[in-house]
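Each chain is listed here by its residues.
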Number of protein chains: 4
Amino acid sequence: MARIKTIGVMTSGGDAPGMNAAIRAVTRAGICKGFNIKGIYRGYDGLINDEIRDFTTENVSGIIMLGGTILKTARSKEFQTPEGRQKAYDNMMKHGIDALVVIGGNGSLTGAKIFAEEFDVCCIGLPGTVDNDLYGTDSTIGYNTTLNTIMECVDRIRDTAQSHERIFFVEVMGRDAGFLAQNSAIACGAEAAIIPEDSTDVDQLARFMERGIRKSKKSCIVIVSESPKCGALYYAERVRKEFPDYDVRVSILGHLQRGGRPTAHDRILASRTGVGAIDAIMQGQRNVMIGVRNNEIVYVPFSDAIRSDKPFDKKLITVLDELSI
Amino acid sequence: MARIKTIGVMTSGGDAPGMNAAIRAVTRAGICKGFNIKGIYRGYDGLINDEIRDFTTENVSGIIMLGGTILKTARSKEFQTPEGRQKAYDNMMKHGIDALVVIGGNGSLTGAKIFAEEFDVCCIGLPGTVDNDLYGTDSTIGYNTTLNTIMECVDRIRDTAQSHERIFFVEVMGRDAGFLAQNSAIACGAEAAIIPEDSTDVDQLARFMERGIRKSKKSCIVIVSESPKCGALYYAERVRKEFPDYDVRVSILGHLQRGGRPTAHDRILASRTGVGAIDAIMQGQRNVMIGVRNNEIVYVPFSDAIRSDKPFDKKLITVLDELSI
Amino acid sequence: MARIKTIGVMTSGGDAPGMNAAIRAVTRAGICKGFNIKGIYRGYDGLINDEIRDFTTENVSGIIMLGGTILKTARSKEFQTPEGRQKAYDNMMKHGIDALVVIGGNGSLTGAKIFAEEFDVCCIGLPGTVDNDLYGTDSTIGYNTTLNTIMECVDRIRDTAQSHERIFFVEVMGRDAGFLAQNSAIACGAEAAIIPEDSTDVDQLARFMERGIRKSKKSCIVIVSESPKCGALYYAERVRKEFPDYDVRVSILGHLQRGGRPTAHDRILASRTGVGAIDAIMQGQRNVMIGVRNNEIVYVPFSDAIRSDKPFDKKLITVLDELSI
Amino acid sequence: MARIKTIGVMTSGGDAPGMNAAIRAVTRAGICKGFNIKGIYRGYDGLINDEIRDFTTENVSGIIMLGGTILKTARSKEFQTPEGRQKAYDNMMKHGIDALVVIGGNGSLTGAKIFAEEFDVCCIGLPGTVDNDLYGTDSTIGYNTTLNTIMECVDRIRDTAQSHERIFFVEVMGRDAGFLAQNSAIACGAEAAIIPEDSTDVDQLARFMERGIRKSKKSCIVIVSESPKCGALYYAERVRKEFPDYDVRVSILGHLQRGGRPTAHDRILASRTGVGAIDAIMQGQRNVMIGVRNNEIVYVPFSDAIRSDKPFDKKLITVLDELSI
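Conventions used here
- Counting restarts for each chain, with residues numbered from 1 along the sequence as it is written.
- The lettering of chains begins at A and the numbering of ligands begins at 1, in the order of writing.
- Note on the predicted model: pLDDT of at least 70 is required for a residue's local features to be given, and 80 or more for side-chain atom pairs to be given and counted; whole-chain, interface and lining totals, by contrast, use all residues.
- Side-chain numbers come from the whole structure's heavy atoms, not from hydrogens or water.
- Strands are runs of DSSP state E lasting at least 2 residues, helices are runs of H or I lasting at least 4, and numbering of each runs from the N terminus.
- A radius of gyration in this sense is built from C-alpha atoms; the matching globule rule multiplies 2.2 Å by the number of residues raised to 0.38.
- Three labels apply to residues, based on accessible area from a 1.4 Å probe with only protein chains included: buried if under 20% of the type maximum, exposed if over 50%, partly exposed otherwise in between.
- When DSSP finds at least two bridges between two strands, those strands are taken to pair.
- Only the stretch in contact is used when a helix axis is fitted, and all axes are lines through C-alpha atoms; the angle between N-to-C directions ranges over 0 to 180 degrees.
- Note on contacts: a residue pair is in contact if any heavy atoms of the two residues lie within 4.5 Å.
- The salt bridge definition used is simple: a Lys or Arg side-chain nitrogen within 4 Å of an Asp or Glu carboxyl oxygen.
- For the purposes of this description, domain bounds are those given by an automatic or database domain assignment.
- By convention, the term buried area covers the 1.4 Å-probe accessible surface removed from two parts as they join, with the contributions of both added.
- Least-squares superposition of the copies uses the C-alpha atoms of those residues scoring a pLDDT of at least 70 in each of them.
- Under the convention adopted here, Pro, Cys and the residues Ala, Val, Leu, Ile, Met, Phe, Trp and Tyr are nonpolar, Asp, Glu, Lys and Arg are charged, and Gly plus all remaining residues are polar.
- Confidence scores per residue from the predictor, reported as pLDDT, run from 0 to 100.
- Under the convention used throughout, the expected extent of a helix is 1.5 Å for every residue step, that is, one less than its residue count.
- By definition, the arc is the one covered by directions from the helix axis to the C-beta atoms.
- Whether two aromatic rings pair depends on their centres lying within 6.5 Å, for rings of Phe, Tyr and Trp, where Trp uses its six-membered ring; planes under 30 degrees apart make the pair stacked, over 60 edge-to-face, and the rest tilted.
- We call a charge positioned above a ring when the Lys NZ or Arg CZ atom is no farther than 6 Å from the ring centre and deviates by at most 35 degrees from the ring normal.
- UniProt positions are given in the numbering used here, feature names are shortened, and annotations may be inferred rather than shown by experiment.

### Details of the overall build of chain A
At step 1: A count of helical and extended segments in chain A gives 11 helices and 11 strands.
At step 2: Scaling as 2.2 N^0.38, a compact globule of 325 residues should have a C-alpha radius of gyration of about 20 Å, and chain A matches this with 22 Å.
At step 3: Seen along its three principal axes, the alpha-carbon backbone of chain A occupies a region of about 70 × 35 × 35 Å.
At step 4: Counting only residues that meet the buried cut, chain A has 65% of its 325 residues in that class.

What follows is the structure in structure tokens.
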């Protein structure tokens, strides 16, 4: 394998707070170590469509605290085709890019895995997603910020819930993972959380009913993980039917959960993993995601990172149960 | 009219940030001037159901920065009946309450007006609503906080809008008034605002199309004032039909707009009008809302305050138009 | 006077949140009306040193929510000399700048006044200062944001003050004006404010002692307006001497008061006055500051704007006194 | 050992955000498991002076999001004497308190250790300090909030630093530990951090000079860990002497770093360790601090927790160095 001289960096998939801090870290650490850095715009689409620019430290100046991504992002359909990936590879070669740093979530790293295998190129992933559903890293870039954003929103909703003595079902992001819902419920002092990891035999709503709602006229907040079928609207409707006396409301937080200035945690995580990506390249690593586990930088093979069974700490369910008595 | 010795204070209608600061101000200024203060819980319902407690300075300690209302609030149906109001009056007499300070919006002050006329009691209103739709005061308690909350939410949404190059329709509160929508649009640097005050001949959407959307691939944010028929979903659907290439999204901010810690403006407004309510009572005023106009305390007769034609500064439409080129 | 074609915009003096929103508004409204806009860097120094660039709408894109000023700012000593001003004028001519929009405080507008008179050029001022000490406008760009920043800091300090039952003297900005100190004291529920406007016969500290401190072991917060001689340290020392049993602490908020994302109020004020500056130029106005009084755009002659006797509402002192019982 | 029936909970030492969430968790989890809970006011002083009240779930309702501590806190001198501790023990017995949960930092847990050994009582510690200097837990309650508070303050200061092109030395808390300084420097994109863990041969200031300051006219931010001798003022003075052309400023953040609403991280950490304290008592654990290491609850013997050599990740120094090029 020839020595790597030029590194391309991109963001891909849903935007997450801290992606800019990660772009900055990759760029600065890369330049510090003597690499050329090229910014690729609009994710894999930009690689296919040749939207690539030389990056200096100036390009990433003053962005550590900005939400979103200055490189733009997209979910590329064309990259899912062999023709698209061939175009992407051709452009990579044209620009002399020897290695690719992809900042994104599950889908983006799956794309990186296929691309790396197909063309035998060096791809490094950074875990950039608010959902925290990447295996092998304790936390993903964006998760902590979104968790705090949700918490602040629910703090506001609680003011109204308590003043009007209402029951609120608040729907939050998470794709198929309950990290955001369960942890924000604990952080907000919510009465219950409805999450995909805990929908076994027991009807979660029934448990909530028995426990939470019997406090009669008091207000109550239930955090619901987004779900195509059983979101906040579904549960609100069921409670309204069974308990017609209650004033039941729904709040779907939606898109505002993604944006905003990153927290210290996400800026530091992005900075550390960004520096870690350059170190990994220098050590000859390839096709791994840079994670932080037990406060140490780890290299997670793509096939592990995208596993769908990231362990969920069931004890958090007990914590919420005991504290919402 | 006998000298007033005991004043009851309540919050009514939708909760608004700063209501607690107003309760505190009425209580402390009242006690400072030698009155007895009684807290009435759950608005007019609490007056009807006798949910009344003696208040000392301790009751309002440490609440100036809290959203919601420690007195709870409600929209009372029973108070709309003569029987309900009679019960309310009887409880007032039972507790020796000589004057009532009602913190609330249009409906609450309309209730106060009817009650005051019917039983010849002293009612003082404080403008407590996030919608800013009370006539005779430059601003209402809660409006400034909600304006900033909306702005912060849209700042977040913009991160995603720009990163993904999407068109967002963001629906905000305001009842029949466009204050929140128009001013938040200016504050956020939004491309357009759709407000009830400007739905004359011109189709607002068409104007937005011509002006905002022709910037092709760029992101775009349109603030839409809530409306039973023509909310954000309606406009998003129309744009999707006419411009199928655009990635159009909707965010309905909903309940989180009401809560949260009040801004300095709302805490000061609540403090000044709360002190003003006690001054007004001492001066023999009755059945007026305490407002602030041109930075001076004013007494606005209830019949004026609840007028539906609070002037909207059309120049703000020009400001937004010129700045979103 | 020839028709104005090209407008230069600069920020000058201490930075204030909202200055970027003002630069954006002047640039966009100017371009919308057909003017050329030139950005002048580092205030008057940049005019002297020829740091001038053409501005398009792109230059001011995405800056409405940023603190500080993208044009940088400085306090120019050279501009205080006739030679410096001559150089500034020569550069203005060289770049074809017909009118100057200066965003700044007292000193900056005084400079604009002298310059305008000396060379008979059109200067328009925008009130950009956190101190709110410009006459003729209800509020200055930056004041509302700084007021809220102070409030949030004192909210934090109160947590410690109450937990440890301490007396805190918190020093805030304001130059010779007590607007920030008095209003933040009301907004924070502080026990007292020490301001320049109220240091007549009465010893303010004595009043505070009698009133605030006799509540024995409770915590207490006093906001002190910055002052070369009698700042927070001075008062803390005096209290420590007279009341050795109290745990007295000082917090000088300092530079962090200036920065941060502007509030909705400041962004809207900056947007309105920025548009107003272009309107004023088109109407042939010159050598005025654009203010907002009673919610209307007003033109304030420089000589009025820089008057040192901006009226201070003494009733605010009563409000604080009554609410801190 | 007799079965434990009644648990006393207190906060001690400097207040930290999340202490209220910890009090709530101990109280609710304790009641959930059938214990009686008693709140002890003002730390060990309250135990000595018999300031003890029965706690129900109501006492801790609505406090999860509040900074400071509703139980007040203090640093007790009397508890450092055998007589003081005897009084404390006598009051414990008088109230039938079988176990003590102490939420506090190094000094408070040292006190708990001595007390536990002296009287053979069950003491459980929760790590409550903003400094993160307790061994055996990845993070302490309050640390994450303070880190974010510092970051937000420095974000503001940077606005001014960049606008005026100044060099700022910002002094932050940390006692003898550089966690806050180093991590906030990374999170803020500061140019350098001066911390106690890195004052070996190299003169840190010299390194900063060579690296940071040679960027001539640019602004620069250096985070300095508090220190009796070599704080921000000391370094600012030295730089002023050597580089008289630079505009060097100092900001000492001070007391505001302690307060404020806790972040999600701190609320969750407090909730988990609070529940963990009750679990530990039920398992017969005593004289341990409840920590979270590698996302698992751990029991750390007091003698370990108060060790002064909590490992500091030197790689963070490299991260900052590479990113501030």
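### Overview of the sheet that holds strand β10 (residues 248-252) of chain B
Picture the strands of a sheet paired through backbone hydrogen bonds; they go either parallel or antiparallel.
Residue and element names in this part refer to chain B.
At step 1: With parallel pairing, the 4 strands of this open sheet are ordered in space as β8-β9-β7-β10. Of all the strands in the sheet, just β8 (192-194) and β10 have a single pairing partner and so form its edges. Taking each pair of neighbouring strands and ignoring which way they run, the sheet shows an average axis angle of 20°.
At step 2: As paired elements, strand β7 (residues 167-172) and β10 share 5 bridges and run parallel to each other. Each residue of the ladder has a partner; that of F168, found in β10, is R249.
At step 3: Its contacts with the sheet put helix α5 (residues 143-164) on β7, β9 (220-225) and β10, and the angle it makes with β7 is roughly 165°.

### Let's talk about the pattern of salt bridges
At step 1: One pass over the structure, following the stated rule, counts 87 salt bridges over all chains.
At step 2: The shortest N-O distance in the salt bridge between E322(B) and K33(C) comes to 2.9 Å. Note that E322(B) is positioned in helix α11 (residues 315-323) and K33(C) in the loop between α1 (19-32) and β2 (36-40), a pairing that runs across two chains.
At step 3: K94(D) is paired through a salt bridge with D50(D); the nearest N and O atoms lie 2.3 Å apart. Of the two residues, K94(D) sits in helix α3 (residues 82-94) while D50(D) sits in the loop between α2 (43-48) and β3 (52-55), which places them 44 residues apart along the sequence.
At step 4: Relative accessible area serves as the criterion here: at 58%, K94(D) is assigned to the exposed category.

### Some words on unusual backbone geometry
Residue and element names in this part refer to chain B.
At step 1: For N287, which is not a glycine, the phi torsion comes out positive at approximately 60°.
At step 2: Looking at the element boundaries, N287 is found in the loop between α9 (264-282) and β11 (288-293).
At step 3: Residue class for N287 comes out partly exposed when judged on its relative accessible area of 22%.

### Notes on the domain arrangement of chain A
All names here are of chain A.
At step 1: Here chain A is partitioned into domain 1 (6-142 + 262-305) and domain 2 (144-258).
At step 2: A separation of 34 Å is found between the C-alpha centroids of domain 1 and domain 2.
At step 3: Counting from both sides, the interface comprises 16 residues of domain 1 and, opposite them, 11 residues of domain 2.
At step 4: Summing both partners gives a buried area of about 1,100 Å² for domain 1 against domain 2, and 48% of it is carried by carbon and sulfur.
At step 5: Inspection of the domain 1/domain 2 interface yields 2 salt bridges.

### A look at the relation of the copies chain A and chain D
At step 1: Each copy superposes on the other: chain A lies on chain D with an RMSD of 0.0 Å after a rotation of 180° and an axial shift of 0.0 Å. In symmetry terms, the pair is related by a two-fold rotation axis. Relative to the rotation axis, the C-alpha of N294(A) is the closest in chain A, positioned 2.4 Å from it.
At step 2: Of the residues that chain A buries at the interface, 100% are likewise interface residues in chain D, meaning the two copies contact each other through the same surface.

### Here's the deal with the interface of chain A and chain D
Interface size is often expressed as the accessible area that is lost when the parts come together.
At step 1: On the side of chain D, 42 residues touch chain A, which itself brings 42 residues to the contact.
At step 2: Where chain A abuts chain D, roughly 3,500 Å² becomes buried across the two surfaces, and 57% of that area is made up of carbon and sulfur atoms.
At step 3: A per-residue breakdown of the area chain A buries against chain D is headed by E322(A), L323(A) and I325(A), which together make up 19% of the total.
At step 4: Taken together, chain A and chain D are joined by 10 salt bridges.
At step 5: With a closest N to O distance of 3.1 Å, R261(D) and D155(A) form a salt bridge.
At step 6: For the side of chain A that touches chain D, the secondary-structure elements that each account for two or more residues are α1 (19-32), α5 (143-164), α6 (179-188), α9 (264-282) and α11 (315-323) of chain A.
At step 7: The class makeup of the residues in the side of chain A that touches chain D is 19 nonpolar, 9 polar and 14 charged.

### Remarks on the pairing of strand β6 (residues 167-172) of chain A
Each regular strand displays side chains that alternate between the two surfaces of the sheet.
All names here are of chain A.
At step 1: With 6 of its 6 residues buried, β6 lies for the most part within the structure.
At step 2: Along β6, one buried face is formed by I167, F169 and E171 and the opposite face, lined by F168, V170 and V172, is buried too.
At step 3: Strand direction decides the pairing type here: β6 and strand β8 (residues 220-225), joined by 6 bridges, are parallel. In the strand pairing of β8, F169 is matched with V222.

### So, the environment of H255(C)
At step 1: As for its placement among the helices and strands, H255(C) is situated in the loop between β10 (248-252) and α9 (264-282).
At step 2: The class of H255(C) is buried, set by a relative accessible area of 16%.
At step 3: Sequence spacing of H255(C) and V172(C) is 83 residues, and the spatial spacing of their C-alpha atoms is 9.7 Å.
At step 4: Residues contacting H255(C), with those up to four places away along its chain left out, are M173(C), I157(D), T160(D), R166(D), F168(D), R249(D) and V250(D).

### Side note on the confidence of the model for chain A
At step 1: Taken over all residues, the pLDDT of chain A has a mean of 93, while the share at 70 or more is 94%.
At step 2: Taken together, the chains of this predicted complex give a pTM of 0.97 and an interface ipTM of 0.95.

### Topic: the side chain of S251(C)
Residues and elements named next belong to chain C.
At step 1: Mapped onto the elements of the fold, S251 is located in strand β10.
At step 2: Look at S251 and you get buried, because its relative accessible area is 3%.
At step 3: Residues contacting S251, with those up to four places away along its chain left out, are I157, F169, V170 and E171.

### Section: α3(D)
Residue and element names in this part refer to chain D.
At step 1: Helix length check: α3 (13 residues) gives 18 Å between terminal C-alpha atoms against 18 Å at 1.5 Å per residue, within 8%.
At step 2: Listed in full, the buried residues belonging to α3 are G84, R85, A88, N91 and M92. Buried residues along α3 cover an arc of 120° about the axis, so they all sit on one side. Facing away from the buried side of α3 by more than 90 degrees, the exposed set consists of E83 and K94.

### Re the packing of aromatic side chains
At step 1: Following the criterion strictly, the structure yields 32 aromatic pairs over all chains and no others.
At step 2: On the basis of an interplanar angle of 10° and a centroid distance of 3.8 Å, the ring pair of Y44(A) and F79(A) is categorised as stacked. Taken together, the residues span a long stretch of sequence, with Y44(A) in helix α2 (residues 43-48) and F79(A) in the loop between β3 (52-55) and α3 (82-94) at a distance of 35 residues. Comparing Y44(A) with F79(A), the two get one shared label, buried.
At step 3: Judged by centre distance (5.3 Å) and plane angle (55°), the ring pair of F115(D) and F119(D) falls under tilted. Here F115(D) and its partner F119(D) are both found in helix α4 (residues 106-119), 4 residues apart, which amounts to about one turn of the helix.
At step 4: The rings of Y44(A), F79(A), Y89(A), F115(A) and F119(A) are connected pair by pair, giving a single aromatic cluster.
At step 5: The ring of Y41(B) has R53(B) sitting right over it, with the charged end atom 4.4 Å from the ring centre.
At step 6: Lying across the ring of F179(C), K310(C) places its NZ or CZ 5.3 Å from the centre.

### Focus: the UniProt feature "binding site: ATP" (unreviewed entry) in chain A
Residues and elements named next belong to chain A.
At step 1: In the numbering adopted here, UniProt assigns the feature "binding site: ATP" (unreviewed entry) to G14, R75, S76, G105, N106, G107 and S108. For the annotated residues, spread through 95 residues, the largest C-alpha to C-alpha distance comes to 13.4 Å, consistent with a single compact locus.
At step 2: Turning to its location among the elements, G105 is positioned in the loop between β4 (99-104) and α4 (106-119).
At step 3: Not counting chain neighbours up to four residues away, the residues in contact with G105 comprise S12, G128, T129 and L134.
At step 4: Positionally, G107 belongs in helix α4.

### Let's talk about the sheet that holds strand β7 (residues 167-172) of chain C
All names here are of chain C.
At step 1: Pairing is parallel across the open sheet formed by 4 strands, whose spatial order is β8-β9-β7-β10. The sheet is open, and its two edges are formed by β8 (192-194) and β10, each paired on a single side. The average undirected angle you get between the axes of adjacent strands in this sheet is 20°.
At step 2: This element, helix α8 (residues 232-242), spans β7, β8, β9 (220-225) and β10 of the sheet and lies at about 180° to β10.

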